[in-house]
Structure formats: structure tokens, C-alpha cells
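# Architecture at a glance
One-letter residues, chain by chain:
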Amino acid sequence: MVICVFFFWGFLSFAGCDVDKSFVNSSWPLPVFQPSHRTHRVRRFSTKERSNFNEEEKEIILKRHNDLRKSQGSSNMIRLEWSAEVERSALHVAEMCSFKHSSDSVRSNKAGYRILGENIHVRSTAVLKDVGAFVHEFNKEEVNWDYEGMKCKQGKCGHYTQVVWPTTEVLGCAAKWCDTLIGVSTFTKGSLYVCHYGPNGNINLSKSKIYKKGPACSACPKGFPHCNDQMCSKVACPPDEKSLATRRSYSITLVLCLLLCSYLHR
């Protein structure tokens, strides 16, 4: 019985979730985002097999977005969450097999937002050895953006600026293998990746800085009172993969222990 009590106490101890808020007063700006497969989970994905991402793949894509967002040294950056409705909107556009941004009307009044933002990427191959690789194509535009000058120094910047738009709250992504791909001159078949964001970003880019710089979570917008992973959040601490795994382990142990105790006290 003592063993059972011990495991029950352990389960309760891990049922909660603590947030390290020491970073709120940490120095900034943070280092420029440097994607590395060594620090991220990698999972193979093929657009010929399916268009929707599974839960693990969604988590990887979401993390790649949030990693860039929290690296900006922003005081008002919102932590993105995945939206199934926004994902459906992205899939609808991906199924068009057209490598050009969809019209505003296609992305209007979705998931409670007036309009959704959009990032697109195309590849000639079906397989990604790392499902999050296409997000890096958005993120690498960071070097082109002049934060102080509020302009794009060279090349493209719009994918990056949408990813780090501070008031964007949710995203959803999908992919599609296209036997006939419109809008690409170098190949006729390929994979189209689409991410939608709510609410949309890239508004008046030349009139104000994208986000506020400062200690993490020191200027969170109304409705986002918590600091979660160095970003503003509606919830204090959503369970991460490690805490979920720990809780599952303790749940199984607790059940087995209770069954053993019940057997021994017959």
C-alpha cells in the first residue's frame, strides 16, 4: 500500500505544469534564428501519400514557426496555436495546384477572422526528408528584412514577415501533390505547400515596425495575459510532449499498482 501511495503522489506531482518565467527579464535581443536539424525532430513526409499532416507533423511545423517568432526579441509576440479550420482553408488552396497567392475572397471570413494570411512554397519532388523544411524556406527571408527601415532590402520578405507578425494567433498548413502545377515555369509537376494564418499579417509594413522589441512578454496584447515559451499566450502552460509522456507513464504505473494492491488485499 505504501508503494501505491508513493506512485499516486508522483502522479499528482507531475499532473501540473510549471512555466519558467525567468526569461521575462532576460537580456535581448535574442540570437538570430538558426534552424538546425540537430535541435528539431525530423520526420519524412510525402505529398503523394497524403495532403493532411498528422499530429506529430503539425507539432513540428508549429514549433518551427514559434521558434522563429520567439527569437525576434519581441515584447508582444503571440505564441501560435494550430487551427483545424485554418488548416482546411489551406488545404482548399493547395488543392487548386496553382503557385500563386489566392484571392482575399477565398480566405475571407474563415475561423472567425476577417481574412487569413497566406504563405506558399513549391517543390518539384514529393518527398521531404524533414517535414518542417518548407517552413525554413519562409524563415530564411529574415536576412532580407530591414527592421529599423521597415522595408525589404533585397529579394522577398513577405513570407518571413507573416511568420513573425506578432498579432497572428493561429495557423494551419496543408500540402498537395499536383500532376499539373500552374504558375511554375521550370517544372510541371510538384508539391504545393500552403500555410494560412489568422489574423493576417503584412499590414502597412512601411508605416510601422512589425513587432515591438523588448523583454519577452512585457507588452502582451489584451487577451493574452500569460507568458508561455517566451511568447504571449491565452493559457498559462499547455502540456508539452515531455510532461504528457510523464503523465502517461505515471497513469499506467498507477493503474498497475492499484490492481496489484487490490490483488494483495484479497
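Heads up: the structure comes first, above all this text.
Summary of the structure given here. (Residues numbered from 1 in each chain as written. Predicted model: local features only at pLDDT ≥ 70, side-chain atom pairs only at ≥ 80, totals over all residues. Heavy atoms only, no water.)

### What about the nonpolar core?
Within the largest apolar cluster, 31 residues are counted, with the highest numbers of intra-cluster contacts made by Phe-53, Ile-61, Phe-134, Val-164 and Cys-173. Going through the elements one at a time, helix H2 (55–70), helix H4 (133–139), helix H5 (158–163), strand S9 (170–178) and strand S10 (190–198) are the ones with two or more residues in this core. Excluding anything up to four places from it in sequence, Val-164 contacts Leu-68, Arg-69, Gln-72, Met-77, Ile-210 and Tyr-211. (Core = buried A, V, L, I, M, F, W, Y, C linked by side-chain atoms within 4.5 Å. Buried < 20%, exposed > 50% of the residue type's maximum accessible area, 1.4 Å probe, protein only. Helix = DSSP H or I, 4+ residues; strand = E, 2+ residues; numbered from the N terminus. Contact = heavy atoms within 4.5 Å.)

### Concerning the state of the cysteines
This structure, assessed with the given rule, holds five disulfides. The disulfide partner of Cys-217 is Cys-227, and the S-S distance across this bridge is 2.0 Å. An S-S torsion of about 75° defines the bridge between Cys-217 and Cys-227 as right-handed. Remark: Cys-227 occurs in strand S11 (residues 226–228) and Cys-217 occurs in the loop between S10 and S11; sequence separation between them is ten residues. In this pair, the class of Cys-217 matches that of Cys-227, namely buried. (Disulfide = S-S within 2.5 Å.)

### A short note on the sheet that holds S9
Reading across the sheet, the four strands line up as S2-S9-S10-S5 and stay open at both edges, with mixed pairing between neighbours. Each edge of the open sheet carries a strand with a single partner, namely strand S2 (81–82) and strand S5 (117–123). Looking at chain direction, S2 and S9 are connected through two bridges and run parallel. Looking across to S9, one finds that Trp-82 is bridged to Leu-171. Taken strand by strand, helix H3 (residues 84–94) contacts S2, S5, S9 and S10, and its axis lies near 30° from that of S9. (Pairing = 2+ DSSP bridges. Axes fitted to C-alpha atoms, helices over the stretch in contact; angles between N-to-C directions.)

### Section: unusual backbone geometry
Here the residue pair Gly-198 and Pro-199 is connected by a cis peptide bond, since its omega of -10° sits within 30 degrees of zero. Structurally, the position occupied by Pro-199 is in the loop between S10 and S11. For Asn-109, which is not glycine, the phi dihedral falls at a positive 55°. If you trace the backbone, Asn-109 turns up in strand S3 (residues 108–110). A relative accessible area of 66% means that Asn-109 is categorised as exposed. With phi around 55°, Met-150 is a residue other than glycine that occupies positive phi space.

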